[in-house]
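# Topology and contacts: notes
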Amino acid sequence: MENDLINITVEDQEGTVRDLEIPTDISLSLMEVLKASEYDILATCGGMALCATCHIQVLDDFELPAPGDDEADMLDTLHNAQSDSRLSCQIRITSELQGMRIKIIGAE
Amino acid sequence: MINTDICIIGAGPVGLFAVFETGLLKMRCHLIDALPQIGGQLSEIYPHKPIYDIPGYPTIKAQELIDNQMEQIAPFHPTFTLGERVEKLEKLEDGSFVLTSNEGTVITCKVVVIAGGLGSFEPRKPAVIGLEDFEGKGVSYMIKNPEAYRDQKVVLAGGGDSALDWTIFLADIAKEVTLIHRSDSFRGAPDSAEKVFNLASQGKIRLLLQCNLNSVHGNGKINKVGVLDKSKNESFIEADSLIPLFGLSPKLGPIAEWGLNIDKSAIEVNTFDFSTNVEGIFAIGDINTYPGKLKLILCGYHEAALMAQSAFKYVFPDQKLSFKYTTVNGINEF
């Protein structure tokens, strides 16, 4: 099978960098994977793009599908959002994420 | 003053089902919710979205589920306080509780059931140097009385609809209006964005795009704010008031101050009966946490049923509880 595992690199709020290996058929959002990997993310709203506590930055200009309206609206209200900010609950795990580096911002 | 057996904080699907389960055991309920309508997130956030995991309904729209639940609990005549948030909870010596809302409504009860879902939506406070020091001294996160800004130098920050709307509104009232936004465009209503750009080009407001609010200064009261531009240079603007408008975020709010064990913004409970560490207070639905917790409506329903069995002993300490099926006994209105 091709691309059945992807690697992404995660920098947490303390600056610790770790690689995660994720099966592409896991059928989860990136937020759910980060939570399951014991990262300190509240995800209060459970993945509805409402609380922004799963805020991340996608580094190196890595190309992802553009955010939907709900996500873009929420990012727009965040004081600390950057041009590379995303809500990890709105990113599905797919083979397109192979090699991505992200930084967890979390709750403001 | 409202006197009831059980006060349920939160009128979402789980809070409503708690009325049913406790109603079967002849306990009376009063519900209080910070939102102006019944239904919690389902009515406020996604009333038209279909839900697929309610047993017996292959699909049901969120608002329809709430409407059905209201019909289901009608025989038990629950009462409601809406648009108010419980601020204070006090436990009396006899084990009963007194709850007070932000509007001064007082509720006395024998059992408190927290079914608060995500918590209440509160203004998001940005990480800005000195911001909290000036809360109530020129910094506010919502506008209650626009007249208070007449002839003032007002700085707003944010890029959503409320930032745009208030900038337009205050432009006619305040002496000077500045809007700070981190991007160079607005996602809010295009009409409002255009109005703001027009006001700026007419010199009626100051529009600082690609800028970030960085610091707040003053002496007892705010007198200026620091703004970082794209190159991270800070400049200062005179201000009598600062209104950061960065959306709403779900927070536990005053619940966090009631001596309950909290883990990551959720209330720890015993899965035997979903009781908290404070006797007589239960937490059910999305607001609680325990090993294996799933934030599902149907799990909240289960939690409500088990909670009701334990709540009974606080409401009717002298009675013995006998478990009965609705198929045998029906629903006995009271």
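Residues numbered from 1 in each chain as written. Chains lettered and ligands numbered in written order. Predicted model: local features only at pLDDT ≥ 70, side-chain atom pairs only at ≥ 80, totals over all residues.

### Observations concerning the overall build of chain B
The helix and strand tally for chain B stands at seven helices and 23 strands. Once the C-alpha set of chain B is aligned to its principal axes, its extents read approximately 75 × 45 × 35 Å. (Helix = DSSP H or I, 4+ residues; strand = E, 2+ residues; numbered from the N terminus.)

### Describing the interface of chain B and chain A
Taken together, the contact pairs 17 residues of chain B with 16 residues of chain A. Of the residues in the side of chain B that touches chain A, the class split is six nonpolar, six polar and five charged. (Contact = placed C-beta atoms within 7 Å. Nonpolar A, V, L, I, M, F, W, Y, C, P; charged D, E, K, R; others polar.)

### Here we look at the domain arrangement of chain B
The domains assigned to chain B are domain 1 (2–122 + 249–329) and domain 2 (125–246). Each of domain 1 of chain B and domain 2 of chain B has a C-alpha centre, and the two are 39 Å apart. (Domains from an automatic or database assignment.)

### Topic: the sheet that holds strand β13 (residues 176–181) of chain B
Residue and element names in this part refer to chain B. The four strands are arranged β14-β13-β12-β18 in an open sheet whose pairing can be described as parallel. Only two strands of the sheet have a single neighbouring strand rather than two, namely β14 (206–209) and β18 (241–244). Neighbour-to-neighbour, the strand axes of this sheet turn through a mean angle of 15°, independent of strand direction. Bridge count for β13 against β14 is four bridges, and the pairing is parallel. Of the residues in β14, the one forming a bridge with His 181 is Leu 209. Contacting β12 (153–157), β13 and β18, helix α4 (residues 161–171) crosses the sheet at an angle of about 165° to β13. (Pairing = 2+ DSSP bridges. Axes fitted to C-alpha atoms, helices over the stretch in contact; angles between N-to-C directions.)

### Some points on unusual backbone geometry
Residues and elements named next belong to chain A. Phi at Glu 38 is positive, roughly 70°, even though this residue is not glycine. Inspection of the secondary structure puts Glu 38 in the loop between α1 (30–36) and β3 (55–58). Judged by the 8 C-beta atoms lying within 10 Å of it, Glu 38 falls in the exposed class. (Buried ≥ 20, exposed ≤ 12 C-beta atoms within 10 Å, placed from the backbone.)

### A look at the sheet that holds strand β8 (residues 97–101) of chain B
All names here are of chain B. Across the sheet, which stays open at both edges, the four strands sit in the order β1-β9-β8-β7 with mixed pairing between neighbours. The sheet is open, and its two edges are formed by β1 (2–3) and β7 (86–91), each paired on a single side. Where β1 meets strand β9 (residues 106–109), two bridges bridge the pair, whose relative direction is parallel. Bridged to Asn 3 within β9 is Thr 108.

### Re the pairing of β13(B)
Along any regular strand the residues' side chains alternate between the sheet's two faces. Residue and element names in this part refer to chain B. Across the six residues of β13, five count as buried, placing the element largely inside the fold. Assessed by its sense of winding, the connection that carries the chain from β12 through α4 to β13 is right-handed. The β-α-β motif built from β13, the intervening helix α5 (residues 190–201) and the parallel element β14 has right-handed crossover chirality. (Right-handed = clockwise from strand over helix to strand, strands pointing away.)

### Regarding the packing of helix α1 (residues 13–24) of chain B against helix α6 (residues 297–315) of chain B
Residue and element names in this part refer to chain B. The contact between α1 and α6 brings their axes to 8 Å, and the two run at 35°. Relative to α6, the crossing made by α1 is right-handed. Across the interface between the two elements, Pro 13, Val 14, Phe 17, Ala 18, Glu 21 and Thr 22 from α1 touch Ile 297, Gly 300, Tyr 301, Ala 304, Ala 305, Met 307, Ala 308 and Ala 311 from α6. Residues of the contact of α1 with α6, tallied by class, amount to 11 nonpolar, two polar and one charged. (Left-handed = near helix turned anticlockwise from the far one by under 90°.)

### Some remarks on α4(B)
Those residues of α4(B) not exposed but buried are Ser162(B), Ala163(B), Leu164(B), Trp166(B), Thr167(B) and Leu170(B). Structurally, α4(B) contributes buried residues whose contacts are with β12, β13, α5 and β18 of chain B.

### A look at the environment of Glu21(A)
Residue and element names in this part refer to chain A. By secondary structure assignment, the location of Glu 21 is in strand β2 (residues 17–23). Among the residues examined, Glu 21 registers 8 C-beta atoms within 10 Å and is labelled exposed. It is 5.6 Å that separates the C-alpha atoms of Glu 21 and Ile 6, two residues lying 15 residues apart in sequence. If near-sequence neighbours (up to four positions away) are discounted, Glu 21 is found in contact with Leu 5 and Asn 7.

### Some details on the environment of Phe186(B)
All names here are of chain B. Mapped onto the elements of the fold, Phe 186 is located in the loop between β13 and α5. Judged by the 22 C-beta atoms lying within 10 Å of it, Phe 186 falls in the buried class. Sequence separation between Phe 186 and Lys 320 is 134 residues, and the spatial gap between their C-alpha atoms is 62 Å. If near-sequence neighbours (up to four positions away) are discounted, Phe 186 is found in contact with Gly 159, Leu 164, His 181 and Ala 193.

### Re the environment of Pro47(B)
Locating Pro47(B) in the fold gives a position in the loop between α2 (40–44) and β4 (50–51). The residues touching Pro47(B), leaving out its near neighbours within four places in the chain, are Leu42(B), Ala62(B) and Gln63(B).

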